[in-house]
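# Close look at the chain arrangement
Take a look at the letters that make up each chain.
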Amino acid sequence: MTVVLDDVDIERTLQEKIAEVAASGGQVEIVGSGSKRFYGESLEAMPLDVSAHCGIIDYDPAELVITLRAGCKLAQVETLLAERRQMFGFEPPRFGEGATIGGMVATGLAGPRRAFAGSIRDFVLGVKLLDGRGQVLQFGGRVIKNVAGFDVSRLMVGALGTLGIILEVSIRVVPQPETEVTLAYEHVSVDEHIRWVNCLGSEPYPISASLWHDGRSLLRLSGSEQGVREASAQLGGEEIEWDWSEANEQRLDFFGRSEPLSRVSLPPTTPDLFPGKSQLIEWGGAQRWLFGEADIGAVRDEVAGAGGSVCAFRHHAPDVPRFHPLAPAMLTLQRNIKASFDPVGIFNPGKLYAGL
Amino acid sequence: MSELRRQQLAVRFREFLPEDNVIDQRTSLATYECDGLSAYREQPLLVLLPEDTAQVRQVMRLCRELRLPVVGRGAGTSLSGGALPHADGVVLSLAKMNRILEVDELARTAVVEPGVRNLAISEAVVAKGLYYAPDPSSQIACSIGGNVAENAGGVHCLKYGLTLHNILALKVVGADGEMFEIDQRSLHTDGYDLMPLLIGSEGMLGIVVEVTVKLLPIPRCARVVMGVFDSVEKAGDSVAAIIAEGIIPAGIEMMDNPAIRAAEDFVHANYPIEAEAILICELDGTEQEVSAQIERVERVLRAGGAIETRLAKDEAERLLFWSGRKAAFPAVGRISPDYYCIDGTIPRKSLAAVLAEVRRLSEQYGLPVANVFHAGDGNLHPLILYDANIEGELERTEELGSKILKLCIHHGGTITGEHGVGIEKLGEMCVQFSDAERNQFHALRECFDPLKILNPGKAIPTLARCAEHNAMHVRGGELPFPELERF
């Protein structure tokens, strides 16, 4: 059975709409399914639904590249890829069944595989973009190696739609691993977990995910039958059934509370900064979810000192800045970049920071 | 007059740089007048060799004050003229900033200065069982700063990525002399991700003064299989078939008959000189994993019509198989007075069509072409054989090269996979990008460098230049300027 995606091109309509908004001095909030709308600052602009713009432009599994309109449903695309035993290497979370490709790229959120396979940015090869002047621009392409012009397509990843509407995107895909195994280890401290996972990184083990929570350390191995079997025999631990999407989609009990949830990003080998606090640690130590710290300012100071940053991910007070503050010169540079794409500030104004 | 200006400027820079680190003598300046693309030459006013970040900042501040163009230079191995000097500017060489500052074994990172050679990083960490993955063919000489400026690739990109995928942090001195940092050691970015903008920006957005690279564990085992084919099409299809099997080779390279012959003549790798194409496919991983995969690859190659498959029986033979491919450029250099290397990328499925058209063009121009191909990632390097001493032959070679690049665009590819635009491919940039897209590049550049003193005249052509280029290259009966929207 083959998945069939809708094929609807509303590029012209969107272009006219943006020209109209630009002329009238308006602003829009770009909305797909709304599954990740919580991410970033809240907006007061007029919602502009772009989810109808969908369809596959090109997919030839042997090229390892798929080109899609941004309104395509992530779930459908992943099913389609799976039919050809391929997948997105960055394991994107959906946070809702309607999640779109555009939202995936704009938020740049990646899953457990991120630390071992790369980010969405690493896999994006090209975009077609509608800018704030109503122009359709194309950057990058559909080939893996491409150094013609500045790499604008990857700049769109994580820009939260503030630079324009992503119309199409070309993304590199990877083969599905032949097999996967999850190993569990009990009574492990945060520091032991971090040290151990990073030590393992110096050996060519096929590790594709790691997680620590509540004294339990998990590792996922993915790869060829032989490679995984060999590694699993060497690493010991208890082989368990574990659904990694539970952590990726934040459906674990840990995420069920409605207290402030912070995403702490740190150089992975940083020792435990929050001993005794409620944490869930992914990405070999680079991504640490922290519950219940309402005083995010203090957390930010401490984390910044260690070379990291903190995002107020969910349930924080409305006046808490969502993203880690930028240094003034960097903020100015980024405002100028925003203005170069969107001179009058139409798209998602203030979604990332004031002025961008 | 210009000599006077040169001496006056030298005095200003010597206020903070050691005497010998300001090169102002014509004979010494000649060393810097070109990079790896030696057909283009220009003498700069001065060459400056700062020894640390503070000196780089002073250089940039003075250059800004004097509105002096600054061309950054690493080892000068660019194949696109990215480090070609500006006649009225300075060359800022990072060659003296060549220290490895820190290796963090647990985090598998190294912090290095921009002048450190690519291969020197791997050499410094080999005892720890680690290496730096991107391996451009110039890796013995090229610097990491230059790799960042060009987003250098190499033979192992398909599996291990480009420079972009192997850099965790950059410290950059901007055009205003101020320093900024892009730190992604935490695998996260706050605000816009400037890393992909900086990497591959050809020295136009800032001067990189410190690079944090990712190190990988050296694979336990690497083995190579060679497939011999009587047509390039079968070889190309076999690459697709290997990937359809779900195998990502560490490297997969293709050579056509002229390239095979030249290489065999040079290094005696025991290549089959009658073959129309060979594929060299390397797999890495653990012993068992590689054994299992290499069998599958051999099966795919035979099913794809390989006349013969050869498995390197030991490490010596593996290196021998590679030696011909790695020596392909100098090998071609031996059979022709000059050669011109093209760097287009195409979707792999277009390979047969593109190679057929390249052959037709080669005959039409009377210039032989040998092809080597990073088959896994679609990066094609046709080498045009010519003789610069024959009047007009360089011009015809460039014209042929330009046609090949346009062919790559036509097939949905790009004009440069890993060598950069530099001074060389400005004309083709006018074809690949629209005015609006190029304007966006210019606008981005001005965000970083409002006075446009960093590597001016490279990478992104001006509107005027493109109007001129496109006017000269009217396609099949179309009116001139069909897509130009201005005046």
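Residues numbered from 1 in each chain as written. Chains lettered and ligands numbered in written order. Predicted model: local features only at pLDDT ≥ 70, side-chain atom pairs only at ≥ 80, totals over all residues. Heavy atoms only, no water.

Let us now look at the state of the cysteines. Per the stated rule, a full pass over the model turns up 1 disulfide over all chains. The residue that forms a disulfide with B:Cys430 is B:Cys466, at a sulfur-sulfur distance of 2.1 Å. Sign of the S-S torsion, about -75° for the bond between B:Cys430 and B:Cys466, identifies this disulfide as left-handed. Linking B:Cys430 in helix H15 (residues 426-432) with B:Cys466 in helix H17 (residues 463-472), this pair joins segments that are 36 residues apart in sequence. Here the two residues B:Cys430 and B:Cys466 agree in accessibility, since each one is buried. The thiol of A:Cys54 is not disulfide-bonded; the next cysteine sulfur, from A:Cys72, is found 5.6 Å away. With relative accessibility at 10%, the residue A:Cys54 sits in the buried group. (Disulfide = S-S within 2.5 Å. Helix = DSSP H or I, 4+ residues; strand = E, 2+ residues; numbered from the N terminus. Buried < 20%, exposed > 50% of the residue type's maximum accessible area, 1.4 Å probe, protein only.)

Right, let's talk about the sheet that holds strand S6 (residues 124-130) of chain A for a bit. Residue and element names in this part refer to chain A. Sheet architecture is open: 5 strands sit in the order S3-S4-S8-S6-S7, paired in antiparallel fashion. The outermost strands of the open sheet, each flanked by one partner alone, are strand S3 (56-60) and strand S7 (136-140). Adjacent strand axes in the sheet meet at a mean angle of 10°, parallel and antiparallel pairs treated alike. Sheet topology note: the S6/S7 ladder contains 5 bridges and is antiparallel. (Pairing = 2+ DSSP bridges. Axes fitted to C-alpha atoms, helices over the stretch in contact; angles between N-to-C directions.)

With that settled, consider the pattern of salt bridges. Per the stated rule, a full pass over the model turns up 55 salt bridges over all chains. Among the salt bridges present, the one from A:Glu91 reaches A:Arg220, with a minimum N-O distance of 2.8 Å. One end of the pair, A:Glu91, is in the loop between strand S5 (86-87) and helix H3 (101-107); the other, A:Arg220, is in strand S12 (residues 216-223), and 129 residues separate them in sequence. Judged by relative accessible area, A:Glu91 falls into the buried class, the value being 16%. Residues A:Glu97 and A:Arg94 are paired through a salt bridge, measuring 3.8 Å at the closest nitrogen-oxygen approach. Through salt bridges that share partners, A:Asp58, A:Asp60, A:Arg142 and B:Lys349 make up one connected network. (Salt bridge = Lys/Arg side-chain N within 4 Å of Asp/Glu carboxyl O.)

Time to look at the interface of chain A and chain B. By a widespread convention, an interface's size corresponds to the accessible area lost as its parts come together. Chain A puts 74 residues into the contact, and the matching count from chain B is 81 residues. Summed over both partners, the interface of chain A with chain B buries about 6,300 Å², with 59% contributed by carbon and sulfur atoms. In this assembly, chain A and chain B are joined by 7 salt bridges. Salt-bridge contacts for B:Arg296 lead to A:Glu178; the nearest nitrogen and oxygen are separated by 3.0 Å. Classifying every residue of the side of chain A that touches chain B gives 35 nonpolar, 21 polar and 18 charged. (Contact = heavy atoms within 4.5 Å. Buried area = accessible area lost by both parts, 1.4 Å probe. Nonpolar A, V, L, I, M, F, W, Y, C, P; charged D, E, K, R; others polar.)

It is worth spelling out the packing of aromatic side chains at this point. Residue and element names in this part refer to chain A. Per the stated rule, a full pass over the model turns up 22 aromatic pairs over all chains. With 5.5 Å between their ring centres and 55° between their planes, Phe90 and Phe123 make a pair best called tilted. Note that Phe90 is positioned in the loop between S5 and H3 and Phe123 in helix H5 (residues 120-123), a separation of 33 residues in sequence. You'll find Phe90 and Phe123 in the same group, each marked buried. Ring geometry for Tyr185 and Trp196: centres 4.5 Å apart, planes at 70°, overall edge-to-face. Of this pair, Tyr185 sits in strand S10 (residues 179-185) while Trp196 sits in helix H7 (residues 190-200), placing them 11 residues apart in sequence. For Tyr185, a relative accessible area of 14% translates into the label buried. The class of Trp196 is partly exposed, set by a relative accessible area of 27%. Here the aromatic cluster, defined as three or more aromatic residues joined through ring pairs, consists of Phe38, Tyr39, Phe95, Phe254, Phe255, Trp289, Phe291, Phe313, Phe323 and Tyr353. Between Arg257 and the ring centre of Phe291, over which it is positioned, the NZ or CZ distance is 4.4 Å. (Phe/Tyr/Trp six-rings, centres within 6.5 Å; stacked < 30°, edge-to-face > 60°. Lys NZ or Arg CZ within 6 Å of the ring centre and 35° of its normal.)

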